[in-house]
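# Residue-level structural notes
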Amino acid sequence: MLKAGVLGLAMAVASMGISAPAMAIGPGTYTVKGNNGEPNTNYEGTLVIVQTGESTFKLTWNIGGDKYDGFAIGTPEMLAASFTSGKSLGTALLVEDDDNKGGYKSVWAFKGETKLGVELIAPK
């Protein structure tokens, strides 16, 4: 069952394709283009990733002036993150984007929500 869930998530992430110039993944500053999982909810912003330990990372999103602070575990190729903004709590999965070298595809959700948001994350 876990395999099916992970495979389905990987397929959802893989279906978001965009190309960009090749650059290194991992720590750095990125542009973000996303959608909140509903029509007409597109947004843009930035993401800064800082490696804080061998397998830990600090993530800071700035979306339309709103700041989201995150903590992730994993590798530069795949990050499992939790994030907060004010009193809101969420979870995100960032996976290296084979079509967008140096970037990520991401799915995320706020606690209690039933729809997944998606993001394409490209090196700045």
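Below you will find a few notes about this structure. (Residues numbered from 1 in each chain as written. Predicted model: local features only at pLDDT ≥ 70, side-chain atom pairs only at ≥ 80, totals over all residues. Heavy atoms only, no water.)

### Remarks on the pairing of strand E2 (residues 42-51)
Sheet topology places strand E1 (residues 28-35) next to E2; eight bridges connect them, and they run antiparallel. Across the sheet, the residue bridging to Tyr30 is Leu47, located in E2. Between E1 and the antiparallel strand that follows it, E2, lie six residues; Gly37 among them carries a positive phi value of about 90 degrees. Of the strand pairs in this sheet, E2 and strand E3 (residues 56-63) are connected by seven bridges, and their pairing is antiparallel. Looking at the pairing, Val50 lines up with Lys58 of E3. If you look at the hairpin formed by E2 and E3, you'll find four residues sitting between the two strands. (Pairing = 2+ DSSP bridges. Helix = DSSP H or I, 4+ residues; strand = E, 2+ residues; numbered from the N terminus.)

### Topic: the sheet that holds E2
Pairing within the closed barrel is antiparallel, and its eight strands lie in the order E1-E2-E3-E4-E5-E6-E7-E8. Neighbour-to-neighbour, the strand axes of the sheet open up by a mean angle of 30 degrees, direction not taken into account. The sheet contact formed by E3 and strand E4 (residues 66-75) spans eight bridges and is antiparallel. The residue bridging Leu59 from the neighbouring strand is Gly70, located in E4. (Axes fitted to C-alpha atoms, helices over the stretch in contact; angles between N-to-C directions.)

### Side note on the environment of Thr29
Here Thr29 lies in strand E1. C-alpha separation for the pair Thr29 and Leu59, spaced 30 residues apart in sequence, amounts to 9.9 Å. If near-sequence neighbours (up to four positions away) are discounted, Thr29 is found in contact with Leu47, Val48, Pro123 and Lys124. (Contact = heavy atoms within 4.5 Å.)

### Things to note about the packing of aromatic side chains
Here the structure, examined in full by the defined rule, presents seven aromatic pairs. When the ring of Phe83 is compared with that of Trp108, the centres are 6.4 Å apart and the planes differ by 75 degrees; the resulting orientation is edge-to-face. With Phe83 in strand E5 (residues 78-85) and Trp108 in strand E7 (residues 104-110), this pair connects stretches of sequence that are 25 residues apart. Residue Trp108 is classed as buried on the basis of its relative accessible area, which comes to 9%. Ring pairing ties together the aromatic residues Trp61, Tyr68, Phe83, Trp108 and Phe110, which thus form one cluster. (Phe/Tyr/Trp six-rings, centres within 6.5 Å; stacked < 30°, edge-to-face > 60°. Buried < 20%, exposed > 50% of the residue type's maximum accessible area, 1.4 Å probe, protein only.)

### Comments concerning the pattern of salt bridges
Counted by the stated rule, this structure contains three salt bridges. Each of Asp97, Asp99 and Lys105 takes part in salt bridges that share partners, so that together they form one network. (Salt bridge = Lys/Arg side-chain N within 4 Å of Asp/Glu carboxyl O.)

### Observations concerning the nonpolar core
Counting 20 residues, the largest nonpolar core has Leu47, Ile49, Leu59, Trp61, Leu94 and Tyr104 as its most contacted members. The element best represented in this core is E3, accounting for four residues. Contact partners of Ile49, with chain neighbours within four places excluded, come to Gly26, Pro27, Gly28, Tyr30, Phe57, Lys58, Leu59, Leu79 and Tyr104. (Core = buried A, V, L, I, M, F, W, Y, C linked by side-chain atoms within 4.5 Å.)

### Some thoughts on unusual backbone geometry
With phi around 60 degrees, Asn40 is a residue other than glycine that occupies positive phi space. With respect to the helices, strands and loops of the structure, Asn40 is situated in the loop between E1 and E2. The exposed category is assigned to Asn40, whose relative accessible area is 82%.

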